[in-house]
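So you can see what is in the structure, the chains are spelled out below.
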Amino acid sequence: MRKKILGLMIILLIGFILTACKNKPTDDQDDLDIIDQTYLLLMEAEDLSGMSQKTKTVITSDGNLNLPTSYKGVTIVYSSRNKDIISDEGIVTQPDTCWIESRDQQGIPKEDFVGLNDNWPVVVDVTLSYEGQTRTAKLLFVVAPAAGFTCNKYLG
Amino acid sequence: MKKIMILILCSLIMLYSIPKSYAQTNIIYAESDYDRLHAVIQHVENVLKYGHEYNEETKLLPDAINTLTGEPAKWTFPNRAQVPYANLANQQNFFRTLVALSNVTGDTKYKDEAVDILSEFMENYQSPNGLFEWGGHRAINLDTLDVQSFEGPNGPHELKNMMPYYELMLEVNEEATLKFMRQLWTAHFYFETTDMNRHGSYSTAYDVNVFGQTIPDDVIQMDQQGNPIIPADSPGLLPFVNSATDLAYAAFTLSDYTFDPIPADWAKYLMRQYNLASNPITGMTVYQFKSTQVTKTPAECAVPSYTNSGCGDRVARQFRDFGPIARESNVAWKNTQAVYVDNILMLLEAADKYGVEHFVDWARDYIEGYLEYAYIRIDGRNKIIPMFIDGTVTYGYIVPEVGYFGPSKMRLDYVDMPTTYLLPILRTILQTKEDEDRIKLWGYFRDIVYTFGLGDIGELGGASPNLDLDTSIDDPFALMAMVELYDYTKNESYLNVARTIGNNIVNEKFHRGFFVQDEIMLYSRLDQPDTLALLTLDAVIRDIPLSNMPFYLADSGYIHGYLLSDDGVVEDRNYSQNIIYTKTIYD
């Protein structure tokens, strides 16, 4: 009889341990839910923070793009690929030359091609961080050259 | 009693100790699973029924079937002759589908069909020099059962990312397959000059010792700054990567089958030229590693509308404003499917099956560089910023004059990133060994998957995803990606999303007894990847290892040649994809 009781107790004990182990993923799941929400927040920060507001139009003046540096706790950092035109802080300085001078196949300037490719495309890399998670994004702005710009830089 | 107790305890402990990945899956085969399989079976049965019905003297099938009439797709030549065509290079996914269907149903009749068709083709339509009568410019006329050229009377051999189902071909006719794989190199690769021609001649004599020469120095040498020098001396024989992909795939398969390492060494040599020509800073790679030499006169080349390569590099001509970076090899907004999808899938296949492990590193360098510099989300959609491979942005550029890449005043805009990118990115990640090398690519993959509307695959490894189980996407590449993620993680969320996508594919694309691109599309193409993707899903539900299933590699089949325009008057030179497979049931 004692043996039976002892056996039953051992089974109950192991059953308890296994059940406890099985419950552990639920705790993990809570953590995962937080992580999932973090990712969605990082996505939301790219889509809704307003950072891309001025990517839809040609920027025609010097000044501040007012790029948001935070959104609902998300930290946003920018790194421009052409810092002379857009700084990492989002300050625009219109260039004093055109982007591309276009000429014909013989390298001869043509009236038709004047002004064709004056505006500069500038890519800005974005890093969004929240509670240890980061993701990256990109913005592409188009900046017009400053008044009185020159365009004598044919590369062909 | 004591022994029984101990036995029960041991059993319980063992049951809980078995790692999840090794445990028997308890996936229940549901009614909706059967419905999808049934749709695939109906499609296959209809293709076989109507395809065979047209000309009972042959087992060959047409490339596509008119879903209203059951008639084969026909090519209309400028002389108004309408020719139903069987181009077996464009039917490789159907053969894979047939074998896959036999695998999941256990019924060998489908594979037998594939064997019969290939057997007839390989026996009767192999040129004496070893090339098959297939590819971009040749097919079999299903009326006469003669060889039909679409590019003049003697169209060349051309394969671009078609990656034939060699495993089955070797099973069907070993001698013919081996001869073809060798002749593919003889006809397309010029060993003396290391030039490569996407066009191969059916007159080039068969050379049994094709790989007998010593492998030469690399074509691509570096300048003093460590940048690749792209030779501009190719006599019109441009080494496009989409042709090189097929050459390399054939050579790797040949080496693996014959245990002769030399063909694989040549394949590595060829693929290394693309690697050397890649940009050393960005990692982005090239479509070709040579430019053509100028063979036309200055007067001829003064005309912008002359777009053939006789006037040298066509990007240097049309995009001359950008200076030296403007070369055909350096364009990263066109032909990117060939460079970053088909080529990478082949590199990964070679790494996985044939042990060329450094190809995984190359694949990662290429695709990671591309995504790091060019991938952008615009209005919630996956896009690519047009640029050269050194990162020089070309977005917004207005082309001053007409040229090979388009008309005058064409403006370069963002390029859509299609779902085909999912597989090369995912497979690169899965084949990369170290987690630290996977992190960056996983981040891009996570964003791309999310932006395609599939939900969040979670942190690196994807073990805890938060997927959109009600996704509306009906795409075979998304389906295969979810299946492969399930196979890797054994997390059933991926399987559930895959089932949703599979159901969407059937609902949106299965019409009139066939899989079509869209409900209103007239033709059902044999090379479509949907049925193979659905069978891959069916296999994992049945716990059939993916390694036992035919593998998706490409669906790049096409015919290019002369035809009569829809107006019935003008002669055109165009692709089957643009002219025939765009027709709707209302045309």
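Right above here is the structure, for reference.
Let me begin by describing the structure that accompanies this report.

Definitions and limits used
In every chain, residue numbers begin from 1 and rise along the written sequence. Chain letters start at A and ligand numbers start at 1, both assigned in the order the entries are written. Where totals are concerned, whole chains, interfaces and linings use all residues; where local detail is concerned, this predicted model gives features only for residues with pLDDT of at least 70, and gives and counts side-chain atom pairs only at 80 or more. To get the side-chain values, take all heavy atoms of the structure and skip hydrogens and water. For this text, the term disulfide refers to a pair of cysteine sulfurs within 2.5 Å. A run of H or I in DSSP counts as a helix once it spans at least four residues, and a run of E counts as a strand once it spans at least two, with each numbered from the N terminus. Strand pairing is assigned whenever DSSP detects at least two bridges linking the two strands. The criterion used for residue contact is that any of the two residues' heavy atoms lie within 4.5 Å. Geometry is summarised by axes, namely lines fitted to C-alpha atoms with helices restricted to the contacting stretch, and by angles between N-to-C directions that run from 0 to 180 degrees. A pair of Phe, Tyr and Trp rings is counted when the ring centres sit within 6.5 Å of each other, with Trp represented by its six-membered ring. The angle between the planes then sorts it: under 30 degrees is stacked, over 60 is edge-to-face, the rest tilted. We count a charge as sitting over a ring when the NZ of a lysine or the CZ of an arginine lies within 6 Å of the ring centre and within 35 degrees of the ring normal. Among the buried residues, those of types Ala, Val, Leu, Ile, Met, Phe, Trp, Tyr and Cys that are joined through side-chain atoms within 4.5 Å form a nonpolar core. The rule is simple: take the accessible area with a 1.4 Å probe, protein chains only, and divide by the maximum for that residue type; under 20% is buried, over 50% is exposed, in between is partly exposed. Here the quantity called buried area is the total loss of accessible area, with a 1.4 Å probe, experienced by two parts when brought into contact, counted for both. Any Lys or Arg side-chain nitrogen located within 4 Å of an Asp or Glu carboxyl oxygen qualifies as a salt bridge. Should an angle lie under 35 degrees it is considered roughly parallel, over 145 roughly antiparallel, and from 65 to 115 roughly perpendicular; all remaining angles are considered oblique. What makes a crossing left-handed is the near helix being turned counterclockwise from the far one by less than a right angle; a clockwise turn instead makes it right-handed. Every helix has an expected span of 1.5 Å times one less than the residues it contains. Following the grouping adopted for this structure description, the nonpolar residues are Ala, Val, Leu, Ile, Met, Phe, Trp, Tyr, Cys and Pro, the charged ones are Asp, Glu, Lys and Arg, and the polar ones are all others, Gly among them.

**With respect to the state of the cysteines**
At step 1: The full count for this structure, using the stated rule, is 2 disulfides over all chains.
At step 2: Two residues share a disulfide in this structure: Cys98(A) and Cys151(A), whose sulfurs sit 2.0 Å from each other. With the S-S dihedral at roughly 75°, the linkage between Cys98(A) and Cys151(A) falls on the right-handed side. Of the two residues, Cys98(A) sits in the loop between β5 (91-92) and β6 (120-130) while Cys151(A) sits in the segment after β7 (133-143), which places them 53 residues apart along the sequence.
At step 3: The disulfide that involves Cys301(B) links it to Cys311(B), with 2.1 Å between the sulfurs. Across the S-S bond of Cys301(B) and Cys311(B) the torsion is about -95°, and the bridge reads as left-handed. Placement of the pair is Cys301(B) in helix α9 (residues 298-301) and Cys311(B) in the loop between α9 and α10 (314-318), with a sequence separation of 10 residues.

**Here we look at the sheet that holds strand β11 (residues 381-384) of chain B**
Residue and element names in this part refer to chain B.
At step 1: Across the sheet, 3 strands lie side by side as β10-β11-β12; this open sheet has antiparallel pairing. Both edges of this open sheet fall to β10 (375-378) and β12 (415-416), since each of them pairs with a single strand only.
At step 2: In this sheet, β11 lies alongside β10 in antiparallel orientation, the contact comprising 4 bridges. In the strand pairing of β11, Ile376 is matched with Lys383.
At step 3: Against the sheet, helix α12 (residues 358-374) touches β10 and β11, its axis set at about 45° to β10.
At step 4: With respect to the sheet, helix α14 (residues 435-451) is in contact with β10 and β11, its orientation differing from that of β10 by roughly 30°.

**Focus on the packing of aromatic side chains**
At step 1: The tally for this structure, following the rule as stated, stands at 45 aromatic pairs over all chains.
At step 2: Three or more aromatic residues joined by ring pairs form one cluster here, namely Trp99(A), Phe319(B), Phe322(B), Trp333(B), Phe388(B), Tyr397(B), Tyr404(B) and Phe405(B).
At step 3: Across the ring face of Tyr404(B), the terminal group of Arg314(B) is positioned such that the distance to the ring centre comes to 3.7 Å.
At step 4: A cation over an aromatic ring shows up here: Lys490(B) above the ring of Tyr486(B), its NZ or CZ 5.5 Å from the ring centre.

**Here we look at the nonpolar core**
At step 1: If you look at the biggest cluster of nonpolar residues, it comprises 171 residues, and the most contacted ones within it are Trp185(B), Phe252(B), Phe445(B) and Met482(B).
At step 2: Ranked by the residues each element gives to this core, the list is headed by helix α11 (residues 336-354) of chain B, at 12 residues.
At step 3: Not counting residues up to four positions away in its chain, the partners in contact with Trp185(B) are Phe191(B), Val210(B), Phe211(B), Leu247(B), Ala248(B), Ala251(B), Trp266(B), Ala267(B) and Leu270(B).
At step 4: Leu42(A), Tyr71(A), Ile76(A) and Phe322(B) belong to the second largest nonpolar core, which has 38 residues in total.

**Describing the interface of chain A and chain B**
At step 1: Every contact between the two is made by 40 residues of chain A and, on the other side, 41 residues of chain B.
At step 2: For the chain A face of the interface with chain B, the top three residues by lost area are Tyr39(A), Gln105(A) and Lys138(A), together amounting to 19%.
At step 3: The tally of links between chain A and chain B comes to 4 salt bridges.
At step 4: When the shortest N-O distance is used, the salt bridge between Arg377(B) and Glu46(A) registers 3.0 Å.

**Regarding the sheet that holds strand β5 (residues 147-149) of chain B**
Strands pair in a sheet through their backbones, by hydrogen bonds, and they do so in one of two ways: parallel or antiparallel.
Residues and elements named next belong to chain B.
At step 1: Taking strand neighbours across the sheet as the criterion, the 4 strands line up as β2-β3-β4-β5 in an open arrangement whose pairing is antiparallel. Edge strands, defined here as strands with exactly one partner in the open sheet, are β2 (74-76) and β5. The average undirected angle you get between the axes of adjacent strands in this sheet is 55°.
At step 2: Strand direction decides the pairing type here: β2 and strand β3 (residues 82-86), joined by 3 bridges, are antiparallel. When the sheet's bridge partners are listed, Thr76 is paired in β3 with Gln82.

**Some points on the pattern of salt bridges**
Residues and elements named next belong to chain B.
At step 1: If you walk through the whole model with that rule in mind, you get 39 salt bridges over all chains.
At step 2: In this structure, Arg138 and Glu133 form a salt bridge, with 2.7 Å as the shortest nitrogen-oxygen distance.
At step 3: Note on Arg138: relative accessible area 7%, which makes it buried.
At step 4: On the basis of relative accessible area, Glu133 is assigned to the buried category, the value being 9%.

**Thoughts on the packing of helix α15 (residues 476-489) of chain B against helix α17 (residues 530-541) of chain B**
All names here are of chain B.
At step 1: Interhelical geometry of α15 versus α17 gives an angle of 20° and a closest axis separation of 9 Å. Between α15 and α17, the crossing angle belongs to the class labelled roughly parallel. Between α15 and α17 lies a crossing whose hand is left-handed. Facing α15, whose interface residues are Pro476, Leu479, Met480, Val483 and Tyr486, α17 presents Asp530, Ala533, Leu534, Thr536, Leu537 and Val540.

**Comments concerning helix α16 (residues 492-509) of chain B**
All names here are of chain B.
At step 1: With 18 residues, α16 ought to run about 26 Å at 1.5 Å a step, and its terminal C-alpha atoms sit 25 Å apart, in line with that.
At step 2: Those residues of α16 not exposed but buried are Tyr494, Leu495, Val497, Ala498, Arg499, Thr500, Ile501, Gly502, Asn504, Ile505, Val506 and Lys509.
At step 3: For α16, the secondary structure elements touched by its buried residues are α2 (31-54), β14 (466-467), α15, β15 (510-511), β16 (514-515) and α17.

**Let's talk about the environment of Glu434(B)**
Residues and elements named next belong to chain B.
At step 1: Relative to the elements of secondary structure, Glu434 occurs in the loop between α13 (422-431) and α14.
At step 2: A relative accessible area of 47% means that Glu434 is categorised as partly exposed.
At step 3: Measuring from C-alpha to C-alpha, the distance between Glu434 and His52 comes to 50 Å, with 382 residues separating the pair along the chain.

**A closer look at α12(B)**
At step 1: With 17 residues, α12(B) extends 24 Å between its outermost C-alpha atoms, agreeing within 8% with the 24 Å of an ideal straight helix rising 1.5 Å per residue.
At step 2: Burial of α12(B) is extensive: 13 of the 17 residues sit out of reach of the surface.

**Description of the pairing of strand β18 (residues 560-564) of chain B**
All names here are of chain B.
At step 1: Burial runs high along β18: 4 of the 5 residues are buried.
At step 2: Direction of pairing for β18 relative to strand β19 (residues 571-575): antiparallel, over a ladder of 5 bridges. Bridging across to β19, Leu564 finds its partner in Glu571.
At step 3: Adjacent in sequence and paired antiparallel, β18 and β19 are bridged by 6 residues, among which Gly568 carries a positive phi angle near 75°.

**Description of unusual backbone geometry**
Residue and element names in this part refer to chain B.
At step 1: Even without a glycine there, the phi angle at Thr194 is positive, about 60°.
At step 2: Locating Thr194 in the fold gives a position in the loop between β6 (189-190) and β7 (195-196).
At step 3: One non-glycine residue, Asp543, adopts positive backbone phi at about 65°.
At step 4: Within the fold, Asp543 resides in the loop between α17 and β18.

**Considerations on the pairing of β11(B)**
All names here are of chain B.
At step 1: Here β10 folds back onto β11, and the loop between the two strands holds 2 residues, one of which, Asp379, carries a positive phi near 50°.
At step 2: The pairing of β11 with β12 spans 2 bridges and is classified as antiparallel. Within β12, the position partnered with Lys383 by the bridge is Asp416.

**Details of the packing of α2(B) against helix α3 (residues 92-105) of chain B**
All names here are of chain B.
At step 1: As a packed pair, α2 and α3 sit with axes 11 Å apart at the nearest point and diverge in direction by 130°. Classified by the angle their axes make, α2 and α3 are oblique. Considering how the two elements wind past one another, α2 and α3 form a crossing that is left-handed. Here α2 contributes Leu37, Val40, Ile41, Val44, Val47 and Leu48 to the contact with α3, which in turn contributes Phe94, Thr97, Leu98, Leu101, Val104 and Thr105.
At step 2: By residue class, the composition of the contact of α2 with α3 is 10 nonpolar, 2 polar and no charged.

Function-wise, these values are silent; they only describe arrangement.
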